[in-house]
Amino acid sequence: MFDATRVYRWSRLLPALFVLLTGCASIPPSVSELPDTSPAIELDDTPFYPQERYQCGPAALTTVLAKSGAEVSLDDIVGKVYLPGRQGSLQVELLAATRTEGRLPYVIDGSLAAIWRELETGRPVLVLQNLGVEVIPRWHYAVVVGIDAERGEVALRSGTDRRRVTRIRTFLHTWRRGGYWGMVVLAPDQLPASPDRSRYFEAIAALEQAGRADEAAIAWQTALREWPGDTVALFGLANARFVMQDYDAAETAYRDLLELDPGLSAARNNLALALVEQGDYDAAMKEIGFALSGDPAPALEQELRDTEASIRRRMAGAGD
Amino acid sequence: MGLQKARGALLRLVSVSIICMGFAQAAPAGMIGTAYILDDESRAASVSRIEVLLAREDVARQLAAFGVDQALVVERLNGLSHAELLELEGQLDSQVAGGDIIGLIGAVFVVLLILELVGVTDIFKSF
């Protein structure tokens, strides 16, 4: 007989079980292993910004931004990401600040091999470490600039050390306590060394949401070279053109996309808006009508109705 | 539990992007952003991943042993927000990075985890 109360009591224990299962974890091989042939790499030309009190976040971010070719100063970045009250920076703030510099922050897979592959393409990796222990954490951001598997060492720009050398095992333990979190800074025309499609696309979409349409357009074009004909990337490129007010190019891009996927009502909505901007109200109404006839999801239908109403208003205004 | 945290993180992310829009090009009114179809896509992937898990014979048997209707779980799954789905996936992933989660931690535990996170175990409170 099924005892519901017991199951319920059991389920209350789940959080404790999580801690038990994850707290004593050692470093799995999937994190620590490097490809068989991985010669020592070190990016000696990575600049160094020694941190001032508690400001390891801004210092590390300025380092990777400068290496990517962005013109930044430590003072600017401190203003953007340092929270005096908390004496530190949040990961999301590092990501957001990277976007305001027109660069694409990409969170890499949490493995030493992923760091190594980024270094191989010339990109240092900003990592979150916990130099303390779980109960008394001491969070620290540093930049991995080199890995030497034979000597078992990683080289970092860290704190006030231009070149801190740490044992790989030690580094991996501090990184594990930092949730294996690491990011690289990409110029808009660069792909990550081993891109995860959805994570990379979300990074570009976030750049678009931050209002960096020029850079987002370049990034979507870069994505399309890796994933030719990808509908999300085509949609992104068309949207970037639209935001850049290049309505003619946007129209062409939406039409190309709709040829591949005629049921993509979100693209039809935006095509209608691009047509309105060019004064072609009739064509715009036709597109909206077509999208509405395709039984869109409720949230999308509302968007389409709003667009329809705004086209009518524009038409009425133009008639005066 | 963790769902609140995920919601908080999402809100923070949204507020950061709103602040950033201040000094950059704003999207035209009415334009549907790229994130919209990306969310759709990744939400569908999350749901189907968990549905595949639920459809496994050992998991289905365990659900039946608990007297829980699989359709109810799927219904709850579809009712979750995207952030909640990601949280659920994250919890499952945190148990094992890749690999066969059921083989490593057992069907009972996976089922309990899913039931708790989709909120089905709340119904047991009324017993």
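Residues numbered from 1 in each chain as written. Chains lettered and ligands numbered in written order. Predicted model: local features only at pLDDT ≥ 70, side-chain atom pairs only at ≥ 80, totals over all residues.

Some thoughts on the overall build of chain B
Line of reasoning, step 1. Looking only at helices and strands, chain B has 7 helices and 0 strands in total.
Line of reasoning, step 2. Taken from N to C terminus, the helices and strands of chain B fall in the order α-α-α-α-α-α-α.
Line of reasoning, step 3. The buried share of chain B, reckoned over its 127 residues, is 24%.
Line of reasoning, step 4. Within chain B, contacts between residues separated by at least 24 positions form 72% of all contacts whose residues are at least 6 apart in sequence. (Helix = DSSP H or I, 4+ residues; strand = E, 2+ residues; numbered from the N terminus. Buried ≥ 20, exposed ≤ 12 C-beta atoms within 10 Å, placed from the backbone. Contact = placed C-beta atoms within 7 Å.)

Considering the domain arrangement of chain A
Residues and elements named next belong to chain A.
Line of reasoning, step 1. According to the domain assignment, chain A contains domain 1 (27–186) and domain 2 (197–319).
Line of reasoning, step 2. Counting residues at the interface gives 7 residues for domain 1, matched by 10 residues for domain 2.
Line of reasoning, step 3. Of all elements in the fold, only α6 (91–100) and β2 (104–107) reach the threshold of two or more residues within the side of domain 1 that touches domain 2.
Line of reasoning, step 4. For the side of domain 1 that touches domain 2, the element with the most residues is β2, which contributes 4 residues.
Line of reasoning, step 5. For the side of domain 1 that touches domain 2, the per-class residue count stands at 4 nonpolar, 2 polar and 1 charged. (Domains from an automatic or database assignment. Nonpolar A, V, L, I, M, F, W, Y, C, P; charged D, E, K, R; others polar.)

So, helix α5 (residues 74–81) of chain A
All names here are of chain A.
Line of reasoning, step 1. Those residues of α5 that fall on the buried side of the exposure criterion are Ile 77, Val 78 and Val 81. Buried residues along α5 cover an arc of 105° about the axis, so they all sit on one side. Exposed side of α5, more than 90 degrees from the buried face: Asp 75 and Gly 79 are the residues found there.
Line of reasoning, step 2. Looking at the buried residues of α5, the elements they touch are α4 (56–67) and α6. (Arc of directions from axis to C-beta.)

A few points about unusual backbone geometry
All names here are of chain A.
Line of reasoning, step 1. One non-glycine residue, Tyr 180, lies in the positive phi region at around 50°.
Line of reasoning, step 2. Tracing the chain through its elements places Tyr 180 in the loop between α8 (168–176) and β7 (182–186).
Line of reasoning, step 3. If you check the backbone angles, Gln 245 has positive phi at about 65° while not being a glycine.
Line of reasoning, step 4. Tracing the backbone through its elements, the reader meets Gln 245 in the loop between α11 (231–243) and α12 (247–260).

With respect to the packing of α4(A) against α5(A)
Residues and elements named next belong to chain A.
Line of reasoning, step 1. One can describe the packing of α4 onto α5 by two numbers: an axis separation of 9 Å at closest approach and a directional angle of 125°. When the axis of α4 is compared with that of α5, the two are oblique. Judged by the twist between their axes, the crossing of α4 over α5 is right-handed. Listed contacts from α5 to Gly 57, Pro 58, Ala 59, Leu 61 and Thr 62 of α4 are Leu 74, Ile 77, Val 78 and Val 81.
Line of reasoning, step 2. Looking at the contact of α4 with α5 residue by residue, the classes come out as 7 nonpolar, 2 polar and no charged. (Axes fitted to C-alpha atoms, helices over the stretch in contact; angles between N-to-C directions. Parallel < 35°, antiparallel > 145°, perpendicular 65-115°, else oblique. Left-handed = near helix turned anticlockwise from the far one by under 90°.)

Considerations on the pairing of β7(A)
All names here are of chain A.
Line of reasoning, step 1. With 5 of its 5 residues buried, β7 lies for the most part within the structure.
Line of reasoning, step 2. Every second residue of β7 is oriented toward a common face, with Gly 182, Val 184 and Leu 186 on one face and Met 183 and Val 185 on the other, all of them buried.
Line of reasoning, step 3. Bridge analysis of β2 against β7 gives 4 bridges, and the strand direction is antiparallel. Note that in β7 the partner of Tyr 106 across the bridge is Val 184.
Line of reasoning, step 4. Bridge analysis of strand β3 (residues 125–130) against β7 gives 2 bridges, and the strand direction is antiparallel. Residue Val 127 lies in a different strand from β7, and its bridge partner there is Gly 182. (Pairing = 2+ DSSP bridges.)

Examining the nonpolar core
Line of reasoning, step 1. Counting residues in hydrophobic clusters, the biggest one holds 91 residues, and the most contacted among them are A:Ile204 and A:Ala238.
Line of reasoning, step 2. The element best represented in this core is α11(A), accounting for 9 residues.
Line of reasoning, step 3. Per-domain counts for this core show at least three residues from each of domain 1 (27–186) and domain 2 (197–319) of chain A.
Line of reasoning, step 4. Not counting residues within four places of it along the chain, the set of residues in contact with A:Ile204 comprises A:Leu104, A:Ala216, A:Ala219, A:Trp220, A:Ala223 and A:Gly236.
Line of reasoning, step 5. Membership of the second largest hydrophobic core comes to 13 residues, among which are B:Val59, B:Leu63, B:Leu85 and B:Ile114. (Core = buried A, V, L, I, M, F, W, Y, C linked by C-beta atoms within 7 Å.)

With respect to the pairing of strand β6 (residues 161–167) of chain A
Residues and elements named next belong to chain A.
Line of reasoning, step 1. Across 5 bridges, the pairing between strand β5 (residues 153–158) and β6 is antiparallel. The residue of β6 that forms the bridge with Glu 153 is Arg 167.
Line of reasoning, step 2. Hairpin geometry of β5 and β6 is characterised by an intervening segment of 2 residues between the two adjacent antiparallel strands and by a positive phi of about 60° at Gly 159.

Points about the environment of A:Ala155
Line of reasoning, step 1. Along the chain, A:Ala155 falls in strand β5.
Line of reasoning, step 2. Once residues within four sequence positions are removed from consideration, A:Ala155 is found in contact with A:Glu42, A:Val145, A:Gly146, A:Arg163 and A:Val165.

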